[in-house]
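Fold and contact review
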Amino acid sequence: VVTVHDPCHLARGLGEFEASRKILSKIPGIRVVEMAHTKEDTLCCGIGAGLGDAEAAKAFTNQRLNEARDCGADTLITLCPGCQAAFFPGEFTHGLSVKTLVEMVGEAMGIQYEDKFKKLAMLGDPNKIIEAARKNIEAGKYSVEEMQAIVPMIFQG
């Protein structure tokens, strides 16, 4: 049983709600249920609020995780990396599995992969995250020094 969190930019910005639900409904064994606030009435995941007010961010995130649990879902589907960052701790606090749409589709096709975002986030310490991702950072366009400023923002929590 899955529910879809409609991210702000996709839902309110572009008005797109149905594509993810159509895809999920075609996966055998998946049942899509809706949270209290969905589609046009979606709520922020909290990641944007976290830039200014950490307590407000936690309140937004907890409200969405509670709605996902209360509608009977065991999996919360995200479509945005920011939302994934906000919600994945819900796997521990709310008893939900948090997955991206791509991850869910891949699993349905028999493709399993390690969620590197979650693995890095579980390290907790920005310095440990940078060290674990050093090869990727060095291969990318941002320097280690730039990533030292960026990583705490991405893996806040």
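In this report, the structure presented in the accompanying data block is examined. Given the structure is predicted, the values throughout are model-derived calculations rather than measurements.

Moving on to the pattern of salt bridges. Counted according to the given criterion, the structure contains 10 salt bridges. For Glu34, the salt bridge is made with Arg21, and the minimal N-O distance between the two is 2.7 Å. Note that Glu34 is positioned in the loop between helix H2 (18–25) and helix H3 (54–70) and Arg21 in helix H2, a separation of 13 residues in sequence. Look at Glu34 and you get partly exposed, because its relative accessible area is 34%. Look at Arg21 and you get buried, because its relative accessible area is 7%. Residue Lys119 pairs with Glu114 through a salt bridge whose shortest N-O separation is 3.4 Å. Exposure remark for Glu114: the relative accessible area of 46% places this residue in the partly exposed category. Each of Asp6, Arg21 and Glu34 takes part in one network of salt bridges that share partners.

A few words on unusual backbone geometry. Even without being glycine, Lys39 reaches a positive phi, approximately 50°. The residue Lys39 is located in the loop between H2 and H3 in this model. You can call Lys39 partly exposed: its relative accessible area is 22%.

Rules of the game
Residues numbered from 1 in each chain as written. Predicted model: local features only at pLDDT ≥ 70, side-chain atom pairs only at ≥ 80, totals over all residues. Heavy atoms only, no water. Salt bridge = Lys/Arg side-chain N within 4 Å of Asp/Glu carboxyl O. Helix = DSSP H or I, 4+ residues; strand = E, 2+ residues; numbered from the N terminus. Buried < 20%, exposed > 50% of the residue type's maximum accessible area, 1.4 Å probe, protein only.

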